[in-house]
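Observations on the model geometry
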Amino acid sequence: MNQSFFIAAVGAHQQLKRLGVHGNNISNLNTYGFKAEKSRFASLMYEDLKGVGEATEGSAAAREEDGDFEMLPSGVGAALWTTDTDFKNGALAETRRDQDYAIAGEGFFAIADLTTGEITLTRNGGFVISELMRSTGEVDENGEDIMERIYYLSDNEGRFVLSESGNMIEVNDEHQPQPVGVFDYMNYDGMEHVNDTRFRAIDKNGAIRQGGGTVMRGYLEMSNADLAEEMTKVIECQRAYGMALKMVQTSDEVETTINSLRA
């Protein structure tokens, strides 16, 4: 009887987690460069595990040299195993802003964090111009380095956009930056979702390479989340959650009835 409680409880909890996935997709419908996530469920392990302790009479027990082991049931219901990212391209929206970029085709923009040295990938090309102080290599009369302001293309969060050669993109006085680089991988399976629009490549993605997409200035890529699809999934989650709670209620009623008969 306890199994029905466990199955229902696990089901309700996992549907809440699934609802969170689709709720996040809906909240990012208007986030440039956002890639929707898809929830994937898997059945829990339906087999007996060898438990430590004395085997009770009538149980499925295995005699070992060092004692008795009782076979314990394991695995109830299904669980949210992983979330896969849908990397299909979103529609392009024209902004006519000089620091807005979009990729027509495959690939990502690469942005570098100078503090940590980490390089992450994004399809959100809503960049800005940020300034950094750089030494000119000369010193003043007091022996201190003479600094100059240099302007770079950044994501406005302390990370800087990389060019095709992998260097930070310097912006001249006419606000004309170097060509923005497009980078890609052999596959995207398992790529880590750092935040809503940034990703981190892992070993299984292979070596980084030049992307085949074309950079379009004055455009931004829209989110690829589909509201109709997401709302359908939300309704599925709500109904599955309600059924799981109904199963908990029914199991409780049956258990209560059995206990009253024993009394």
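Owing to the predicted nature of the structure, the values given are computational and were not obtained by experimental measurement.

Criteria and thresholds
- What you see as residue numbers is a count from 1 along each chain, following the sequence as written.
- At least 70 in pLDDT is required for a residue's local features to be given in this predicted model, at least 80 for side-chain atom pairs to be given and counted, and no such filter applies to totals for whole chains, interfaces and linings, which use all residues.
- Excluding hydrogens and water, the side-chain figures rest on all heavy atoms present in the structure.
- Strands are runs of DSSP state E lasting at least two residues, helices are runs of H or I lasting at least four, and both sets are numbered from the N terminus onward.
- The cut-offs for exposure are 20% and 50% of the maximum accessible area for each residue type, with area from a 1.4 Å probe on protein chains only; residues under the lower value are buried, those over the upper are exposed, and the others partly exposed.
- In what follows, a contact means two residues having at least one pair of non-hydrogen atoms within 4.5 Å.
- A 1.4 Å probe and the Shrake-Rupley method give the accessible areas. Residues count as covered only by the protein chains that appear here.
- In this description, strands pair whenever DSSP reports at least two bridges between them.
- The definition of a nonpolar core used throughout is a set of buried Ala, Val, Leu, Ile, Met, Phe, Trp, Tyr and Cys residues joined through side-chain atoms within 4.5 Å.
- Confidence of the predictor at the level of single residues is captured by pLDDT, which takes values from 0 to 100.
- Whenever Lys or Arg places a side-chain nitrogen within 4 Å of a carboxyl oxygen from Asp or Glu, that contact is recorded as a salt bridge.
- Multiplying 1.5 Å by the helix residue count minus one yields the expected span of that helix.
- As used in this structure description, the phrase polar contact means that two N or O atoms lie within 3.5 Å; if the pair is within protein, one of them must be able to donate a hydrogen and the other to accept it, and residues adjacent in sequence are counted only when both atoms belong to side chains.
- Side-chain rings of Phe, Tyr and Trp (the six-membered ring for Trp) are treated as a pair once their centres are within 6.5 Å; stacked means planes under 30 degrees apart, edge-to-face means over 60, and tilted covers the remaining angles.

1. Considerations on the overall build of the protein chain
For the protein chain, the count of helices and strands is two helices and 20 strands. Buried residues in the protein chain amount to 33% of all 263 residues. The long-range share in the protein chain, meaning contacts at least 24 apart out of those at least 6 apart in sequence, stands at 64%. Summed over all atoms, the accessible surface of the protein chain reaches about 15,600 Å², with 50% contributed by carbon and sulfur.

2. Some thoughts on the sheet that holds strand 19 (residues 214-217)
If you trace the three strands from one edge of the open sheet to the other, you get 10-7-19, paired in antiparallel fashion. Taken across any chain shown, the strands that pair with only one partner, and hence form the sheet edges, are strand 10 (125-126) and strand 19.

3. A closer look at the environment of Gly 137
Inspection of the secondary structure puts Gly 137 in strand 11 (residues 128-139). The exposed category is assigned to Gly 137, whose relative accessible area is 67%. Separated by ten residues in the primary sequence, Gly 137 and Met 147 have C-alpha atoms spaced 8.3 Å apart.

4. Re the nonpolar core
Counting residues in each nonpolar core, the largest one holds eleven residues, listed as Phe 87, Phe 108, Ala 110, Ala 112, Leu 121, Leu 162, Phe 183, Tyr 185, Tyr 188, Met 191 and Phe 199. For Leu 121, the residues in contact, after removing those within four places along its chain, are Phe 108, Phe 109, Ala 110, Tyr 185, Met 191, Thr 197, Arg 198 and Phe 199. Membership of the second largest hydrophobic core comes to ten residues, among which are Tyr 101, Phe 109, Phe 127 and Ile 169.

5. Points about the confidence of the model for the protein chain
Of all residues in the protein chain, 83% attain a pLDDT of 70 or more, and the chain-wide mean is 83. Summarising per-element confidence for the protein chain, the mean pLDDT is lowest in strand 3 (residues 61-64) (42) and highest in strand 20 (residues 219-221) (97). Every residue in residues 51-67 is under pLDDT 50, and counting partners more than four places away or in other chains gives 25 contacts.

6. Section: the pattern of salt bridges
What the rule picks out here adds up to 16 salt bridges. The salt bridge involving Arg 97 is made with Asp 100; its shortest N-O contact spans 2.7 Å. By relative accessible area, Arg 97 is classed as partly exposed at 32%. In this structure Asp 100 comes out as buried when scored by relative accessible area, which is 5%. Close ionic contact of Asp 155 with Arg 159 constitutes a salt bridge, the shortest N to O distance being 2.8 Å. One exposure class covers both Asp 155 and Arg 159, and it is buried. Taken together, the salt bridges that share partners define one network made up of Arg 18, Lys 233 and Glu 236.

7. Brief notes about helix 2 (residues 227-262)
With 36 residues, helix 2 should cover 52 Å at 1.5 Å per step; its first-to-last C-alpha distance of 53 Å lies within 8% of that length. All of the buried residues in helix 2 are Glu 230, Val 234, Cys 237, Ala 244 and Ser 251. Of the residues flanking the start of helix 2, the one acting as N-cap is Asp 226, its side-chain oxygen 3.2 Å from the backbone nitrogen of Ala 228.

8. What to know about the packing of aromatic side chains
Inspection of every chain in the model, using the stated rule, returns eight aromatic pairs. Geometrically, the ring pair formed by Phe 87 and Phe 108 is edge-to-face, given 6.1 Å between the ring centres and 85° between the ring planes. Of this pair, Phe 87 sits in the loop between strand 5 (78-85) and strand 6 (92-94) while Phe 108 sits in the loop between strand 7 (100-104) and strand 8 (109-113), and the two are 21 residues apart along the sequence. Neither residue differs from the other here; Phe 87 and Phe 108 are each classed as buried. With 6.1 Å between their ring centres and 40° between their planes, Tyr 101 and Phe 127 make a pair best called tilted. Of this pair, Tyr 101 sits in strand 7 while Phe 127 sits in the loop between strand 10 and strand 11, and the two are 26 residues apart along the sequence. Both residues of the pair, Tyr 101 and Phe 127, belong to the buried class. Here the aromatic cluster, defined as three or more aromatic residues joined through ring pairs, consists of Phe 87, Phe 108, Tyr 188 and Phe 199.

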